[in-house]
Amino acid sequence: MAGSWDGSNDLASQSDDSHHFERLRVEPIYDSFICPLTKQVMRDPVTLENGQTFEREAIEKWFKECRESGRRPVCPLTQRELRSTELNPSIALRNTIEEWNARNEAAQLDIAQKALTPGSSEHDILHALKFIQNMCERSQYNRRAIRNAELIPMIIDMLKNSNQRVRLKTLETLRIVVEGDSDNKEIIAQGDTVRTIVKFLSNAESKEREEAVSLLYELSKSEALCEKIGSVNGAILILVGMASSKSENLLAVEMADSTLENLEVCENNVRQMAENGRLQPLLRLLLEGSSETKLSMASLLGDLVLNNDVKVLVARTAGLSLINIMKSGNAQSREAALKALNQVSSYEASAKILIEAGILPPLVKDLFSVFAHQVPVRLKEVSATILANVVNSGYDFDTVRVGPDHQTLVSEEIIHNLLHLISNTGPAIECKLLQVLVGLTNSPTTVSSVVSAIKSSGATISLVQFIEATQRDLRVASIKLLKNLSPHMGPELASCLRGTSGQLSSLIQIIFENIGITEEHAAAVGLLADLPERDIGLTRQMLDEGAFQLIISRIIRIRQGEIRGTRFVTPYQEGLVKVLARITFVLADEPDALALCRDHNLAALFIELLQANGLDNVQMVSAMALENLSLESKNLTNLPELPTPGFCASIFSCLSQPPVMNGLCRIHRGTCSLKESFCILEGQAVPKLVALLDHNNEKVVEASLAALCTLLDDGVDIDQGVQVLCDAEGIMPILDVFLEKRTENLRRRGVWAVERILRSDDIAGEVSGDPNVSTALVDAFQNGDYRTRQIAERALRHVDKIPNFSGIFPNMG
């Protein structure tokens, strides 16, 4: 038996290459050591009554088979029946075998030591590793022998071998060597061995990854090594990736997951897992741990950067627990819970979960606490931030109780308290509380309550003053709030801005800061855009500030593509156009406004903006501005001076006819131009306005129709106006708008336009046969308001649906 490796059956095929080991003498196996049944060296020899010796386990199995087959027990060698199956331990033989094993294994260990060197062949190394595996699997004692022989460092060195088979066998051997042996694990923990094993997890070879993770799992059973494994850069990240992999071998996935579970004993490992998306261990400790552990986990959660899906998971799993800590914990625990809730509340879906878990009442209580020592300022800031987060989630806050007297967030008392805090705290808290009001005024269900409370508190001036705040976030929050309030508090806000405090100048300066377009720019111009357009005082002050010239320049630059790129360009451009349009509402009262429109040819600019496809508000406002400008055209047209009729004209009527003058405007009967008199006919705007009558947005349609109706207004040549619409193929679109009746305003405007158009006998004759038009006019006559009914009645007379009694009753119009 000299030169063989005990138990190396899987390597038997390589025996031809083992000549190196044959030269090393290993004590031979004696026949008496071999069990006749197993043909293996006995570990627990026992003797029968006839003196034959067998391995205890083998002979017991033989006797069992005899009984099960109904035979009397016989000796397997002699086949003679036995009177007794009593087994007598062969103690002397067992001791001899153990001594032989010890001597043999010592010699084999010596062979292994010589094989586990860099110069050895692959064959010798693999045989040595297999021998060590077999030896360790036979008994736990042998693992100590391997350690005492200082073989473990030599095995570890084989991890750096260039041969893949050797590396694989080394990983497998190390796992067997450390199974259930904490001392052997400590040896592996020394130096960079753990780091080397972790590197195998990133190896492209799946077998090496599987063996490495199995070895790490075995090492992780030792609490002392958990910290060591976790301290290796990237170890936990890789394990988390393996545990959640869809392509990794199932066994490797299970090993990685089990290893991570073992590593949870170290708090730093839990932190790393959480940072890499495995949050369950942290949440479990947060829910089930001691007070100290809960505090630690809450603090950790507050320091993490969480993605949105994880925020929802945390809110669902631990939201209530965090809220309870915030309500009842000590100052340190409350601070940790608040910071964690701040993280979780920053996503709309998770914020809604926290609202339903009851976060609002304790938040409001902390914010309104009178005594500073109860809630430190830094925690009030966090509370204010959380409140801003949850309010901006879009929840229906009309139904959520936040106070002992069933108050809601939009109750007058609560809003007054928020306004009081805004005026009496530092910029950081003021900013967050303004954001709370922004969130509440974003919702159509709560904005009216907030507006009412602000009006009753007299806080409008204070809110406007924040426009001049030096802190950008505070300034942006205030402008966004004022923008939300402007449709509901326009006159009050305009009055404040018209004051001498300089807020209007600051607002204009913000709008035109020479940097990229930001949310602040869009909000600032949106605020101005929503203020009452007929407020002459505000427009006058804007003229004095030179605001309109800046607006014109900025609109042109945007149209030419010089300013673009951010998501705020569209609302910014819409706001600029709307602010510019307000100049057209004061033309009759402000000579400077008229001069500005002429100097900058605003009518041409608004006509160009009619074609801003995709920008409904720009098209709508531009059409409104053109309506205002066109209404002024009849007052600005230069009418020709006609010669005074002479004596002959009084005798001969044919000479009294006015002379025909060429080059006059068909509509305004004078000398017109787009730039000087804003004539939309001269500016070729009619076809563009007609095209907008087919727009999907009824507000654009309404504004376009209103602008076209200026061609049919009193003081112009209505017949020519109708003809201009005919030439632009605008009659049928106007009739279609009237027939569709999409809104009450469109019906009212449509009735007016149709009545004017039907004053043309030719058109009235064509329309009279259209039952749809007649039916729509009858409906307007029966169901419209008083003014609409009057106009519809006149229109019905044009198509002979109502008899004209003017000859009988001269006073009837």
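Just above sits the structure.
On a predicted model such as this, the values are computed, not experimentally measured, just so you know. (Residues numbered from 1 in each chain as written. Predicted model: local features only at pLDDT ≥ 70, side-chain atom pairs only at ≥ 80, totals over all residues. Heavy atoms only, no water.)

Q: Break down the sheet that holds strand 1 (residues 45–47) for me, citing the residues and quoting the values.
A: The 3 strands are arranged 2-1-3 in an open sheet whose pairing can be described as antiparallel. The sheet terminates laterally at strand 2 (53–55) and strand 3 (88–89), the two strands that pair on one side only. By the bridge criterion, 3 bridges tie strand 1 to strand 2 in an arrangement that is antiparallel. By the bridge assignment for strand 2, Thr47 is matched with Thr53. Helix 2 (residues 56–68) contacts strand 1, strand 2 and strand 3 of the sheet and is inclined by roughly 95° relative to strand 2. (Pairing = 2+ DSSP bridges. Helix = DSSP H or I, 4+ residues; strand = E, 2+ residues; numbered from the N terminus. Contact = heavy atoms within 4.5 Å. Axes fitted to C-alpha atoms, helices over the stretch in contact; angles between N-to-C directions.)

Q: A description of the packing of helix 7 (residues 164–178) against helix 10 (residues 206–220) should follow, citing residues and the corresponding values.
A: Axis separation between helix 7 and helix 10 bottoms out at 9 Å; the angle between their running directions is 20°. Between helix 7 and helix 10, the angle is such that the two are roughly parallel. Judged by the twist between their axes, the crossing of helix 7 over helix 10 is left-handed. For the pair formed by helix 7 and helix 10, the contact residues are Gln164, Arg167, Leu168, Leu171, Glu172, Leu174, Arg175 and Val178 on the first element and Lys207, Glu208, Glu211, Ala212, Ser214, Leu215, Glu218 and Leu219 on the second. Grouping the constituent residues of the contact of helix 7 with helix 10 by class yields 7 nonpolar, 2 polar and 7 charged. (Parallel < 35°, antiparallel > 145°, perpendicular 65-115°, else oblique. Left-handed = near helix turned anticlockwise from the far one by under 90°. Nonpolar A, V, L, I, M, F, W, Y, C, P; charged D, E, K, R; others polar.)

Q: Residues and numbers for the nonpolar core, please.
A: Formed by 193 residues in total, the largest nonpolar core has its most connected members in Leu301, Ile359, Leu360, Leu409, Leu440 and Phe606. Of the residues forming this core, the biggest block, 11 residues, is contributed by helix 26 (residues 472–497). Of all hydrophobic cores here, the second largest spans 57 residues; its members include Ile146, Val198, Leu225 and Ala243. (Core = buried A, V, L, I, M, F, W, Y, C linked by side-chain atoms within 4.5 Å. Buried < 20%, exposed > 50% of the residue type's maximum accessible area, 1.4 Å probe, protein only.)

Q: Go over the pattern of salt bridges, please, and point to the residues and values.
A: Under the counting rule described, the total for this entry stands at 43 salt bridges. Between Asp181 and Arg147 there is a salt bridge, with its nearest N and O atoms 3.2 Å apart. Of the two residues, Asp181 sits in the loop between helix 7 and helix 8 (182–189) while Arg147 sits in helix 5 (residues 140–148), which places them 34 residues apart along the sequence. The class for Asp181 is buried, based on a relative accessible area of 8%. Of the charged contacts in the structure, one is a salt bridge between Glu519 and Lys480, with a shortest N-O distance of 2.7 Å. Of this pair, Glu519 sits in helix 28 (residues 519–529) while Lys480 sits in helix 26; the two residues are 39 residues apart in sequence, bridging distant segments of the chain. Given a relative accessible area of 27%, Lys480 falls into the partly exposed group. Connected through shared salt-bridge partners, Asp714, Glu755, Arg756, Arg759 and Arg794 make up one network. (Salt bridge = Lys/Arg side-chain N within 4 Å of Asp/Glu carboxyl O.)

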